[in-house]
Structure formats: C-alpha cells, structure tokens
Amino acid sequence: MSPFFRSGLFVALATLLADQASKLWLLNVFELGPRGTVRVLPFLDLVLAWNTGISYGWFQDSGPVGQTVLLAIKIVAVLALGIWMARAGTRLAVGG
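Residues numbered from 1 in each chain as written. Predicted model: local features only at pLDDT ≥ 70, side-chain atom pairs only at ≥ 80, totals over all residues. Heavy atoms only, no water.

Here's the deal with helix H1 (residues 3–29)
No. 1: In this model H1 runs 37 Å from its N-terminal to its C-terminal C-alpha over 27 residues, within 8% of the 39 Å that 1.5 Å per residue would give.
No. 2: For H1, the elements touching its buried residues are helix H3 (63–87) and helix H4 (91–94).
No. 3: Downstream of H1 by a residue or two, Glu31 has a phi angle that is positive, lying close to 55°. (Helix = DSSP H or I, 4+ residues; strand = E, 2+ residues; numbered from the N terminus. Expected span 1.5 Å × (residues − 1). Contact = heavy atoms within 4.5 Å.)

Here it is in structure tokens:
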C-alpha cells in the first residue's frame, strides 16, 4: 500500500467520521427535529430533512428497487475512487 493511498484512506475515514458524528450530534444532542428551523446566519438555516434519494431527488420514490440501484452506484463509486487513489502519484490527487 503506497503512502499516498494510505493518506487518502485516512482522509476519507476522517471525513466519514466527522460527517456521521455531526449528524448524530444534530439529531440526538442539539435535537434539530423538534426545534424546526434554526437560523445560523442571515443566509443559512438548519432544517431537518430526510433524503432517501440522491441529487435532485432521484430514486427517492423507487422503494427497495431504487435503494438497491443506489447501493450499486455507491459500491461502483467507492471501488472506482479506491482504484484511482491506489494509482495516484501525488498526495494532492488522493486528497491527503
């Protein structure tokens, strides 16, 4: 495993953990759901929304078939990015 690939995996894992921790904190500690809309800045509000699809709401109403398609897309994307990181020749290319 190259040092670039290793640093890319570290950045990806750190990003995943920070993303999930912030979501759990907003849901369970800050309790965003019961608070409704929370104004952070004049141009930024926090609002709880559940998106079961992807951008533009694609596949959100497709039920189990749509979720399976999304899972397949996610797996292909993770594999493709992993191969790209493994072949990358610079730290910048892998995000680390």
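Topic: the packing of aromatic side chains
No. 1: Evaluation of the coordinates by the stated rule reveals one aromatic pair.
No. 2: Aromatic side chains Trp25 and Phe30 sit 5.4 Å apart centroid to centroid with 25° between the ring planes, which places their arrangement in the stacked category.
No. 3: The exposure class assigned to Trp25 is partly exposed, which follows from its relative accessible area of 44%.
No. 4: When the ring centre of Phe30 is taken as reference, the NZ or CZ atom of Arg35 above it lies at 4.0 Å. (Phe/Tyr/Trp six-rings, centres within 6.5 Å; stacked < 30°, edge-to-face > 60°. Buried < 20%, exposed > 50% of the residue type's maximum accessible area, 1.4 Å probe, protein only. Lys NZ or Arg CZ within 6 Å of the ring centre and 35° of its normal.)

Some remarks on the layout of surface pockets
No. 1: Put simply, the largest pocket is a space of about 330 Å³.
No. 2: With three residues, the single largest contributor to the lining of the largest pocket is H1.
No. 3: Partitioned by chemical class, the residues of the lining of the largest pocket number seven nonpolar, one polar and one charged.
No. 4: Contributing to the lining of the second largest pocket are Phe5, Leu9, Ala12, Val78, Leu81, Gly82, Trp84, Met85, Ala93 and Val94.
No. 5: Where the lining of the second largest pocket is concerned, the elements lending two or more residues are H1, H3 and H4.
No. 6: Of the residues forming the lining of the second largest pocket, the biggest block, five residues, is contributed by H3.
No. 7: The residue makeup of the lining of the second largest pocket, split by class, is nine nonpolar, one polar and no charged. (1 Å grid on protein atoms, 1.4 Å probe; cavity = no way out; pocket = protein on both sides within 12 Å on 5 of 7 lines; lining within 4 Å. Points joined across faces, edges and corners; volume = space filled by probe spheres on them. Nonpolar A, V, L, I, M, F, W, Y, C, P; charged D, E, K, R; others polar.)

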